[in-house]
Every structure is written in C-alpha cells, then in structure tokens.
Amino acid sequence: DNPNACVPYATWETAATNLHDALALAYDGALILVSNGTYRITRQLIFDRGVTMRSVGGYAATTIQAPVVGGVRVALISHAAARLEGFTLRDGRGSTGNPGGGVLMSDAGGTLINCRVTANECGSYDGRGGGVRLNGGRVSNCIIDNNRLTIDSIQGMGVYQTAGILENCLITNIRTYSLTQNSGG
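Residues numbered from 1 in each chain as written. Predicted model: local features only at pLDDT ≥ 70, side-chain atom pairs only at ≥ 80, totals over all residues. Heavy atoms only, no water.

Engineer: How should I be thinking about the nonpolar core in this particular structure?
Structural biologist: A general trend in soluble globular proteins is that nonpolar side chains are found buried together. The biggest cluster of nonpolar side chains holds 34 residues, and the ones touching the most others in it are F47, M53, L84, L89, L112 and V132. Listed by contribution, the elements that provide at least two residues to this core are helix 1 (19-25), strand 1 (31-34), strand 3 (45-47), strand 6 (75-77), strand 10 (103-105) and strand 14 (132-134). Apart from residues no more than four positions distant in its own chain, L112 is found in contact with I77, L84, L89, V103, M105, V117, V132, R138, V139, S140 and C142. (Core = buried A, V, L, I, M, F, W, Y, C linked by side-chain atoms within 4.5 Å. Buried < 20%, exposed > 50% of the residue type's maximum accessible area, 1.4 Å probe, protein only. Helix = DSSP H or I, 4+ residues; strand = E, 2+ residues; numbered from the N terminus. Contact = heavy atoms within 4.5 Å.)

Engineer: Would you take a moment to explain the sheet that holds strand 3 for this structure?
Structural biologist: In any sheet, the strands associate via hydrogen bonds between backbone groups, in a parallel or an antiparallel arrangement. The strand order 3-6-10-14-18 describes an open sheet built from 5 strands, whose pairing is parallel. The open sheet is flanked by strand 3 and strand 18 (159-161), the only strands paired with a single partner. Each neighbouring strand pair of the sheet contributes to a mean axis angle of 10 degrees, computed without reference to strand direction. Relative to strand 10, strand 6 runs parallel, the two sharing 3 bridges. If you follow I77 over to strand 10, its bridge partner there is M105. (Pairing = 2+ DSSP bridges. Axes fitted to C-alpha atoms, helices over the stretch in contact; angles between N-to-C directions.)

Engineer: Help me understand the environment of R73 in this model?
Structural biologist: Its location among the elements puts R73 in the loop between strand 5 (62-65) and strand 6. Its relative accessible area of 5% is what places R73 among the buried residues. When the C-alpha positions of R73 and Q44 are compared, they lie 5.3 Å apart, and in sequence the two are 29 residues distant. Sequence-distant contacts of R73, that is, excluding residues within four places in its chain, are made with I41, Q44, G92, R93, N98, P99, G100, G101, G102, V103 and L104. At a separation of 2.6 Å, a polar atom in the side chain of R73 contacts the side chain of Q44. Of the polar contacts made by the side chain of R73, one reaches the backbone oxygen of G100; its length is 3.0 Å. (Polar contact = N/O pair within 3.5 Å; in protein donor to acceptor, adjacent residues only side chain to side chain.)

This is the structure we're talking about:
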C-alpha cells in the first residue's frame, strides 16, 4: 500500500496502489513498471491500448492473482502494441463464452513475454485454453504449467491456439477432469 499514491503515478513515491488504476491512466506507448509482490485483482486486466506493463523483478518476484472463485480471467490482451512482461499470472478462470483461463490473446494480438501462466482453468462448453487462448499476437519465452480444463471443456489444457505465434515456451503438467476433452497442449 502506498499512502502517497497520486495521479499521474510518475514516481515510486506516488505510484498507484493497484494495477487497474495504473492501466486506466496509461496512454498508447506508456510503460507501467510494477514492483515486486503479489497483486490480487477482482476483475481482469484489459490491455486495449498500446501499453507495456513490465515487472521489475520478473515472474519469480511478481504475481498477478485472480480470485479463485468468481470466473475472473487474469488478462485480456486486445491491442497489437499491448505488452505484458515478466509476471506470474495465476488462478484465472474461464468459462462458456469466456475462454482462456489465464490470458485471452484476441485477434488483434499483442505480446505476452517472459511470463509464467500457472494454476488457471477453463470449464464448461467452449472453455478452450486453460492457461492461454491464443487467437492472435505472440506468446514468447513463457512457462505455461499446472493449468487445467474442467467439466466439458473442449481443447487446450495449457494453450488453445487458432492464430498468432507461440514460441520458445514450456508447456507442462497440464490436466483435465472430464472424459469429453479431445485434445491437449
């Protein structure tokens, strides 16, 4: 907590106390630096502008955590110049009409880089992409682990990809809890 938080959050001394506030003020081309720690969110982070959000200490030191209940995805990246870099993204939940438990990369794309996407899930029909739903953009140098599909989810326990680029990523320890899933990855 920062009792001195003050718009425009230009220094560490006046930095925003939560990621949503910092993202709401960011403009195209802005860089949001995030200090080490765990940042709990109650709604998904939406990257619909050309903003870069980068952790200072990397994914081992900086976590964005969705609530375990409530069906909240961690991040929606829907701008070609948006970039999310160096975080652990965890406990996101996708569902019918809300694919991608951890991250949804929309057709417009963007970049997810040097992140760990872990402990996310999708459930219900059309719950594609327990960790990442990749419809466009680039996912690079990420660890995608311990994600799952539940109920009658269809495809992609770790990643469900229809377009975009998935490169230099480790996808491991993914699982499902239904007999109706028909693909992994």
